[in-house]
Amino acid sequence: MAPLNKNDLSNLSFILNKPNDVSFAERPKPSLASPHDVLVAVNYTGICGSDIHYWVHGAIGHYVVKDPMVLGHESAGTVVEVGDKVTSLKPGDRVALEPGYPCRRCTNCRAGHYNLCPEMAFAATPPIHGTLTGLWSSPADFCYKLPDNVSLQEGALIEPLAVAVHIVKQAAVTPGQSVVVMGAGPVGLLCAAVARAYGASKVVSVDIVQSKLDFARDFAATHVYASQRVSAEENAKAIRDLAGIPSGADAVIDASGAEPSIQASLHVVRNGGTYVQGGMGKPDINFPIMALCLKEVTAKGSFRYGAGDYALAVELVASGKVDVKKLITSVVGFKQAEEAFKKVKEGEAIKVLIAGPNEKM
Ligand SMILES: [Zn+2]
Ligand SMILES: [Zn+2]
């Protein structure tokens, strides 16, 4: 492919003005802010639950959309221009975009936990604009070159896969272990697949929607369980019986954020096992803390992704260990962005990709 020219490209953007009010506008083209930056033409962007949440509610926790904000953060694109100091990339390279830039100087950044940087500037988290736009400027080291056998559409799935990689690392899954994953949305499905890639021999996907479980069984899970309207202990026992793990799971990942799932997690984990909270739901819930204490459970949170997670996500796709293509329900043109958001909100899709404004559809 001939290298692109910035002057020929549109910077049309999909903008959230206020809840349920979106529009398109041609914004000024970004230029390289540092000699270490690159300019990328965005090819595909996946819609994330957080984009939907901002669109419907205008806020997530204390992040409130006060001024119009470009949505989107799950993107892959093609390098258009590179700064003088960039040696790792050249125009024409296809890259997955890691969409949050930390300060690189604080204690967390210095310790390698840059996802915990208090100065993090993350795409489509107010007041930072997102990637549903034509051109995106990024530090070169936050762009991951896609191997030839990984498509740009798969590249847009690297972001949610990196979330799952980080969660499974937090769960410290080792070969032969049993893992229960609560929730079979995109991140839950990807956690199940990454846990398998890490060598887990039993991976149970749990959800309330049977069609999601059917998908999970084909995608990565060795067992699936439809949560019943019974107590958390009873659901936990049913999961243990189903998977043949009478003493409980080595690791339990909550990718749902739902209170009953979190409660069941603490009852399904084995004595001395690990529980990771990856899903985001209500900020405060009723938590079975006695089970945590008596079982001496290791409980961890997981937030976005950190050092090495994006690179491993690319490797898992390139090596064929995680087939992210299967999660793509549909791909729509840029101008169909709002309809695509509606479709995802209605729960009619796993992942919808929106082509960039310069992409011919
Ligand atoms: Zn996301
Ligand atoms: Zn920092």
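Since this is a predicted model, take the numbers as computed values, not measurements.

Moving on, we come to the overall build of the chain. Counting its secondary structure elements, the chain contains eleven helices and 20 strands. The C-alpha radius of gyration computed for the chain amounts to 20 Å, which stays within 12% of the reference 21 Å derived for 361 residues, consistent with globular compactness. Viewed in the frame of its principal axes, the chain has a C-alpha envelope of about 65 × 40 × 40 Å. The buried share of the chain, taken over its 361 residues, is 53%. Carbon and sulfur atoms make up 53% of the accessible area of the chain, which totals about 15,800 Å². Put simply, the chain has 34 plus and 35 minus side-chain charges, and the middle of one group is 2 Å from the middle of the other.

Let us now look at the coordination of the zinc ion (ligand 2). In a perfect tetrahedron of four donors around a metal, the angles come out at 109.5 degrees. In a perfect octahedron of six, they are 90 or 180 degrees. Summarising the metal site, the zinc ion (ligand 2) is bound by the protein donors Cys103 (SG), Cys106 (SG), Cys109 (SG) and Cys117 (SG), whose distances to it range over 2.3 to 2.4 Å. Viewed at the metal, the four donor atoms of the zinc ion (ligand 2) are separated by angles of 105 to 116°, and the geometry they form is tetrahedral. Mapped onto the polypeptide sequence, the residues donating to the zinc ion (ligand 2) form the spacing pattern C-x2-C-x2-C-x7-C. Judged by relative accessible area, Cys106 falls into the buried class, the value being 18%.

Around the zinc ion (ligand 1), the protein contributes the donor atoms Cys48 (SG), His73 (NE2) and Glu74 (OE), at 2.2 to 2.4 Å from the metal centre. Every donor residue of the zinc ion (ligand 1) comes from the same chain, spaced as C-x24-H-E. A residue pair is termed long-range when its members are at least 10 positions apart, and Cys48 in the loop between strand 3 (37-46) and helix 1 (49-57) and Glu74 in strand 7 (residues 74-82) qualify at 26 residues. Looking at Cys48, the relative accessible area reads 17%, which means it is buried.

Moving on to the pairing of strand 1 (residues 12-18). Of all seven residues in strand 1, five are buried; the element is thus mostly enclosed. Relative to strand 2 (residues 21-26), strand 1 is paired through six bridges, and the arrangement is antiparallel. The partner of Ile15 across the bridge, within strand 2, is Ser23. With antiparallel pairing between neighbouring strands as the criterion, strand 1 and strand 2 make up a hairpin whose turn holds two residues, including Asn20 at a positive phi of roughly 60°.

This model, assessed by the stated rule, comprises eleven aromatic pairs. Ring centres of Phe14 and Phe24 lie 5.2 Å apart, and the angle between their planes is 45°; on these two criteria the pair is classed as tilted. Taken together, the positions of Phe14 in strand 1 and Phe24 in strand 2 put the pair ten residues apart, joining distant regions of the chain. Using a relative accessible area of 27% as the deciding quantity, one classes Phe24 as partly exposed. Both rings, one in Tyr305 and one in Tyr310, keep their centres 5.1 Å apart while their planes meet at 75°; by these two values the pair is edge-to-face. Clustering of aromatic rings is evident, with ring pairs tying together Phe14, Phe24, Trp55, Phe334 and Phe341. A cation sits over an aromatic face here: Arg304 above Phe122, 3.7 Å from the ring centre.

Reading the values: rules and limits
Residues numbered from 1 in each chain as written. Chains lettered and ligands numbered in written order. Predicted model: local features only at pLDDT ≥ 70, side-chain atom pairs only at ≥ 80, totals over all residues. Heavy atoms only, no water. Helix = DSSP H or I, 4+ residues; strand = E, 2+ residues; numbered from the N terminus. Rg over C-alpha atoms; globule rule 2.2 N^0.38 Å. Buried < 20%, exposed > 50% of the residue type's maximum accessible area, 1.4 Å probe, protein only. Areas by Shrake-Rupley, 256 points an atom, 1.4 Å probe, with all protein chains shown as cover. Lys, Arg positive; Asp, Glu negative; His and termini not counted. Charge placed at Lys NZ, Arg CZ, Asp CG, Glu CD. Donors = N, O, S within 2.8 Å, 3.2 Å for Na, K, Ca; no water. Tetrahedral: all angles 85-135°; square planar, octahedral: opposite > 155°, others 65-115°. Pairing = 2+ DSSP bridges. Phe/Tyr/Trp six-rings, centres within 6.5 Å; stacked < 30°, edge-to-face > 60°. Lys NZ or Arg CZ within 6 Å of the ring centre and 35° of its normal.

Function-wise, these values are silent; they only describe arrangement.
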